[in-house]
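# Fold and geometry: a report
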Amino acid sequence: MTAHVSAAGTAVAVSPHLDDAVFSAGGLLALLSRTGWRVRVVTCFTASVDDPCPFALSTQLDKGLSADVDYMALRRTEDRAAQRRLGTLAPVHLPLPEAPHRGYGSPPELFAPPRPDDVAGTELQRLLRPHLAPADLVLAPQAIGGHVDHLLTARATAAASPPSRVGWWRDVPYVARTAASDAGARPGTLKGAGEVTVGIDAVLADKIAAAQCYTTQLGFQFGGPRETAEVLSSVARSEALRTGAPYTHGESLRAGRTAFRLLEGPAGMRYAGRGGHARGAPGTR
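Residues numbered from 1 in each chain as written. Predicted model: local features only at pLDDT ≥ 70, side-chain atom pairs only at ≥ 80, totals over all residues. Heavy atoms only, no water.

### Looking at the packing of aromatic side chains
In the structure shown here, the tally under the stated rule is three aromatic pairs. Summarising the aromatic geometry, the rings of Phe-23 and Phe-222 are spaced 5.0 Å apart at their centres and angled 80° between planes, so their arrangement reads as edge-to-face. Here Phe-23 is found in helix α1 (residues 20-34), whereas its partner Phe-222 is found in the loop between α9 (215-221) and α10 (225-243), with 199 residues between them in sequence. Grouping residues by exposure puts Phe-23 and Phe-222 together as buried. (Phe/Tyr/Trp six-rings, centres within 6.5 Å; stacked < 30°, edge-to-face > 60°. Helix = DSSP H or I, 4+ residues; strand = E, 2+ residues; numbered from the N terminus. Buried < 20%, exposed > 50% of the residue type's maximum accessible area, 1.4 Å probe, protein only.)

Structure (structure tokens):
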């Protein structure tokens, strides 16, 4: 594709879990929807599992849910509400189980390298290909923080889509927790990507409202609904400041050549870097 693509393109966001795309790139999703794009979020690890192992069960018990609740069904409902709030198309929920259901038995194991017997990454590549093939723009996590499901999602996206079309978002809330927030287990294609910061001042309230649809996650991830708004606003301010963007709130991505051009112009958005130029723009380094 060239830089002169229609503003009414197709964007697919590949979310590891049922909240990641909104927490990390909800402003961009809202902007794309507002400017006529067909935007769909495909979430990778959403399967309900009967008779979960003790660690997997603990991830819902510690959120105040009883053992007889279908936790993932509840989360899928939350996701549909969040996507409606952003104006995106009906989400796709892939039938893969989260890491605690695949043999990762403790919090430290969730942030360790993938298990040798974990075949989810291969299956994920197969499931993603038909969803990514028609996309003009693909959005996916950088895997900052190193969560195994984020890492597998990044790797599968890199394998299933041309790198030029991918914009890699910075994982929230991990960027707010990680001292070296540029560190993370990233796909190799990120190396040649340029950084683009999208101004989200006009849609920050929409992003926050969508994020607050994930009611089961807010206390654990942020401390509650009010704190969710505070953290998301703070991260967006920090991203704009970090990149020297000419607006108050931003979302930063590392983007391949085509994705970079789509984000800087035809979608009605601007890119920014220190000195008013795109930071590490493809073709300018």
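### Some remarks on the nonpolar core
Grouped together as the largest cluster of nonpolar side chains are 43 residues, with contacts concentrated most on Leu-29, Leu-32, Leu-137 and Leu-139. The element that contributes the greatest number of residues to this core is α1, accounting for nine residues. Listed in part, the 30 residues of the second largest apolar core include Cys-44, Phe-55, Leu-128 and Ala-143. (Core = buried A, V, L, I, M, F, W, Y, C linked by side-chain atoms within 4.5 Å.)

### Considering the layout of surface pockets
Roughly 470 Å³ of volume is contained in the largest pocket. What lines the largest pocket is a set of 25 residues, among which Lys-63, Leu-110, His-147, Phe-220 and Gln-221 lie closest to the centre. Among the elements of the structure, α1, α2 (54-61), α3 (71-86), α4 (107-110), α6 (148-160), α7 (174-177) and α9 are those that each provide at least two residues to the lining of the largest pocket. Its residues placed into classes, the lining of the largest pocket shows 10 nonpolar, seven polar and eight charged. Approximately 210 Å³ is the volume attributed to the second largest pocket. The wall of the second largest pocket is formed by 17 residues, among which Val-49, Pro-52, Gln-60, Val-69 and Tyr-71 lie closest to the centre. (1 Å grid on protein atoms, 1.4 Å probe; cavity = no way out; pocket = protein on both sides within 12 Å on 5 of 7 lines; lining within 4 Å. Points joined across faces, edges and corners; volume = space filled by probe spheres on them. Nonpolar A, V, L, I, M, F, W, Y, C, P; charged D, E, K, R; others polar.)

### Concerning the pairing of strand β1 (residues 10-15)
Sheet faces and side chains relate simply in a regular strand, where the side chains alternate between the two faces. In terms of residue burial, β1 counts as a mostly covered element, since six of its six residues are buried. In β1, alternate side chains face the same way, and those of Thr-10, Val-12 and Val-14 on one face and Ala-11, Ala-13 and Ser-15 on the other are all buried. As paired strands, β1 and strand β2 (residues 38-43) are joined by six bridges and run parallel to one another. In the sheet register, Val-14 faces β2, and the bridge partner there is Val-42. For the crossover that starts at β1, traverses α1 and ends in the parallel β2, the hand is right-handed. Taken together, the three bridges between β1 and strand β4 (residues 137-141) define a ladder with parallel strand orientation. When the sheet's bridge partners are listed, Val-12 is paired in β4 with Val-138. (Pairing = 2+ DSSP bridges. Right-handed = clockwise from strand over helix to strand, strands pointing away.)

### Some points on unusual backbone geometry
Pro-173 follows Val-172 through a cis peptide bond whose omega is 15°. Summarising the element assignment, Pro-173 is placed in the loop between β5 (166-169) and α7. Backbone geometry places Asp-51, a non-glycine residue, at a positive phi of 50°. Locating Asp-51 in the fold gives a position in the loop between β2 and α2. Even without being a glycine, Ala-143 presents a positive backbone phi close to 75°. Mapped onto the elements, Ala-143 comes out in the loop between β4 and α6. Owing to a relative accessible area of 0%, Ala-143 belongs among the buried residues under this scheme.

### Examining empty space enclosed by the protein
Tallied over the full model, the rule gives one cavity of 30 Å³ or more. Computed from the structure, the largest cavity encloses a volume of approximately 80 Å³. Lining the largest cavity are Ser-24, Trp-169, Arg-170, Val-172, Val-175, Lys-207, Val-235, Ala-236, Glu-239, Gly-250, Glu-251 and Ser-252. Mapped by element, the contributors of at least two residues to the lining of the largest cavity are α10 and β7 (250-255).

### Some remarks on the pattern of salt bridges
Opposite charge on two side chains makes pairing possible when the charged atoms of those side chains draw close. Taken as a whole and assessed by the stated rule, the structure comprises 15 salt bridges. We note a salt bridge from Lys-63 to Asp-62, for which the minimum N-O separation is 3.2 Å. Across the salt bridge formed by Arg-115 and Asp-117, the nearest N and O atoms sit 2.9 Å from each other. Through salt bridges that share partners, Arg-170, Glu-195, Glu-239 and Arg-242 make up one connected network. (Salt bridge = Lys/Arg side-chain N within 4 Å of Asp/Glu carboxyl O.)

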